[in-house]
Each structure stands twice: as structure tokens, then as C-alpha cells.
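# Report on the structure
The chain contents come next:
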Amino acid sequence: MKATRLNVVVTRALPEAVETRMKELFDVELRDPDTAMTRDELAEVMRRCDVLVPTITDQIDAGLIAQAGDRLKLIANYGSGIDHIDVATARQRGILVSNTPGTVTEDTADMTLALMLAVTRRIPQALAELQAGKWQGWSPMAHLGGRLGGRRLGILGMGRIGSAVARRARAFGLQVHYHNRKRLRPEAEAELEATYWESLDQMIARMDIISINCPHTPSTFHLLNARRLKLLKPTAVIINTSRGEVIDENALTRGLAAGEIAGAGLDVFEHGTELNPTLLALPNVVLSPHIGSATLEGRLEMGEKVIINIKTFADGHRPPDQVVASML
């Protein structure tokens, strides 16, 4: 199949440079205005396109895949996470799935450290006082936060992003600990100066900061459940730039409100845009609207990988970033 004949549907607006290059290579339908497609709209385009380019806001479940037309042969996801796509059902239908690994690593790791600093140094509270015109000048006891250096950081998920967080954490003087499905190689542990914990329970009970950097899978849903959250020290802080479903958000909110957990920095939420009003009102919580990967550089890199995956497929080869069973 020639690339010029491929019908590609993009579900959200992408950077202009990415959209323009796609138009040069493929028969592309762009999304204008930038709103999420409805389920009916997704079903309609999946019945007639060769390639679908969805984002995390598109739930490509078994029901939608069952309605896909015979032409759909590739779902080229714009993003690294694939928990919004039923990859197993797609494979059964002979539909390949690709993603954009590595493109969000550095940006998400930066955001993780930014949230650590925001929570521990109480930056939003200080800004709010300043912006409200209530700041009366410097005082020895005003806006006291805590120092990152010397604290124990427990990283849950030591993949690309977790490792990038660890490298940054060492520069801030944090002691790096981690729990992972598989232990890192000795040389990788030595490079990161990271201590491995086979027991998640034992690790989180001893940490000052917990950073969630694992993907959302059936096995990680509510990995930090009410029981585990009770194990945290009352001075501990939780940072989540991965997926909201990894934490039992109601239990986390109760712990934060009761003073059983010192603070949290959250870039993702269990129920998407439906935020817990109590969580919004807590003074010891810093919330950001899923901007961990939101840099222009990152978005362009994601687009470049999507284009390479589609072009490689169009040329009759396996997409370099095809999602395979061992990754699930």
C-alpha cells in the first residue's frame, strides 16, 4: 500500500509542524476544532480509515474495535501510555498498535521534581498570599517548608521516567530507593545509587517522598490502596505524574485531610477531569492539570514518532514502536 493512499484520521489537534508533515505524506483528516471525539465519531472514522491516530482522551475499547472496518490496520497512538486502548482485542482483529516511547521521559521527570519542590516548599501557598496582596515582607518564620536534600525518595516504577527522576533526585541530595516489577541490573543501580526493595509495603513505610512512575495496568490499579496508604509516615509526601488510577484517590484524600499524610503533588487523577472537591480544597495538596509531558519539544517528538510508525507501516514493514504482547 502506498503511503499517499493511506487514509489517516487524527483525533485531536497536533502541533502545526506535525500536521503539515502528515498532510505531505498521507491522506489526513485533521481535527478542528480541538475537542475530543465522541464515541459515535470514533466509531464512524474507525469504520472507514486505514490508520487511526488517537490520544489518551480516546477510549479505544473492545466495543469500538469490534465496529472497526476492514481497512483499519494500524492504531498509531500519539503518546506513550496505551492503557486507553484494548491492545489484545486489536491484535485479535489483526490491527497493529504503536506508541511513542521515550518522548515524555525528560519532561515528566522535570514535572515530578517541580511538584516535589512545590509541595515541600509550599510554593502555591506563598504565591497565593502574594497575589492576594497580603504579603507583609520577609519574616524568619513565614512560609517555612522543608528541604529536599537528605530525604528518602521511594520511586514506584523504575522504568525510563522513574530512572530519569532518580537522576534528578540525586542532584538534589535525595536518597533514592525503588520498587519495581524487575530489579535493575547492578550497574544501573550503581549509576543511580538506588536501593531496591522487593517489598512495596516495607519501602513505603520508610520513605519521606513517594513518586508514582509506573503505568496503569490491571495489576497496578489501586496499588496504593487504603491499607498501604496507612503505612506511610505522617510526614510523607506523595507525588503522582503517572496515572491517577494507581492510587485510591478517596483514601488518599481522607489521609491528607486527617493529617495522616503530609502532602501530595498530583498531575493525574483517578476519574480524569472529575476532581474530588475535598481534594481541591486541601491546603497541603498541589494539583496540576496533567501537564507532565506538556512541552512543545515533547509534542513534536511524539508527532515525529507517529509519522515514522505510519510511514514504516505504509512501506510494508513493522512499525518500529509496535506494541507487543510482552509489553502488556
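Up top is the structure these notes are about.
So, how was this worked out
Residues numbered from 1 in each chain as written. Predicted model: local features only at pLDDT ≥ 70, side-chain atom pairs only at ≥ 80, totals over all residues. Heavy atoms only, no water. Pairing = 2+ DSSP bridges. Helix = DSSP H or I, 4+ residues; strand = E, 2+ residues; numbered from the N terminus. Axes fitted to C-alpha atoms, helices over the stretch in contact; angles between N-to-C directions. Contact = heavy atoms within 4.5 Å. Core = buried A, V, L, I, M, F, W, Y, C linked by side-chain atoms within 4.5 Å. Buried < 20%, exposed > 50% of the residue type's maximum accessible area, 1.4 Å probe, protein only. Polar contact = N/O pair within 3.5 Å; in protein donor to acceptor, adjacent residues only side chain to side chain. Right-handed = clockwise from strand over helix to strand, strands pointing away. Parallel < 35°, antiparallel > 145°, perpendicular 65-115°, else oblique. Left-handed = near helix turned anticlockwise from the far one by under 90°. Nonpolar A, V, L, I, M, F, W, Y, C, P; charged D, E, K, R; others polar.

## Concerning the sheet that holds strand β5 (residues 96–98)
- What the 5 strands build is an open sheet, ordered β2-β1-β3-β4-β5; its pairing is parallel. One side of each edge strand has no neighbouring strand; the edge strands of this open sheet are β2 (27–29) and β5. Each neighbouring strand pair of the sheet contributes to a mean axis angle of 20°, computed without reference to strand direction.
- Each of β1 (7–10), β3 (51–53), β4 (74–76) and β5 touches helix α13 (residues 296–314); the most contacted strand, β4, lies at about 160° to it.

## Observations concerning the sheet that holds strand β8 (residues 194–196)
- Reading across the sheet, the 7 strands line up as β8-β7-β6-β9-β10-β11-β12 and stay open at both edges, with parallel pairing between neighbours. This sheet does not close on itself; its edge strands, each paired only once, are β8 and β12 (285–287). This sheet shows a mean twist of 20° between the axes of neighbouring strands, independent of strand direction.
- In the sheet, strand β11 (residues 263–266) pairs with β12 via 3 bridges, with the strands oriented parallel. Pairing of G265 across the sheet is with V286, part of β12.
- Contacts from helix α7 (residues 160–171) reach β6 (152–156), β7 (175–179) and β9 (209–212), with the element oriented near 170° to β6.

## Focus: the nonpolar core
- One finds V8, M22, V51, V53, M116, M158 and I310 to be the most contacted residues of the largest nonpolar core, which totals 48 residues.
- Ranked by the residues each element gives to this core, the list is headed by helix α5 (residues 105–120), at 7 residues.
- What V53 contacts, discounting residues up to four positions off in sequence, is V8, V9, V10, T11, A76, Y78, V306 and I310.
- Within the second largest apolar cluster, 27 residues are counted, among which are W197, L200, V246 and V285.

## Section: the environment of R254
- Among the secondary structure elements, R254 is positioned in helix α11 (residues 249–257).
- Accessibility expressed as a relative area gives 53% for R254, which makes it exposed.
- Each C-alpha atom of the pair R254 and A226 lies 9.4 Å from the other, and the pair is 28 residues apart in sequence.

## So, α11
- Within α11, the full set of buried residues consists of E249, A251, L252, T253, G255 and L256.
- N-capping of α11 is provided by D248, with a side-chain oxygen placed 3.3 Å from the backbone N of N250.
- Positive phi shows up at G259, right after α11, with a value of about 80°.

## Regarding the pairing of β1
- Burial along β1 is two-sided: the face carrying N7 and V9 and the face carrying V8 and V10 are both buried.
- Pairing analysis gives 3 bridges linking β1 to β2, with the strands arranged parallel. Residue V8 lies in a different strand from β2, and its bridge partner there is V28.
- The β-α-β motif built from β1, the intervening helix α1 (residues 16–25) and the parallel element β2 has right-handed crossover chirality.
- As paired elements, β1 and β3 share 3 bridges and run parallel to each other. Across the sheet, the residue bridging to V9 is L52, located in β3.

## As for the packing of α5 against α7
- Taken N-terminus to C-terminus, the directions of α5 and α7 make an angle of 50°; their axes are 8 Å apart at the nearest point. Classified by the angle between their axes, α5 and α7 sit oblique to one another. The chirality of how α5 crosses α7 is right-handed. Across the interface between the two elements, T105, E106, T108, A109, D110, T112, L113 and M116 from α5 touch R160, I161, A164, V165, R167 and R168 from α7.
- Grouping the constituent residues of the contact of α5 with α7 by class yields 6 nonpolar, 3 polar and 5 charged.

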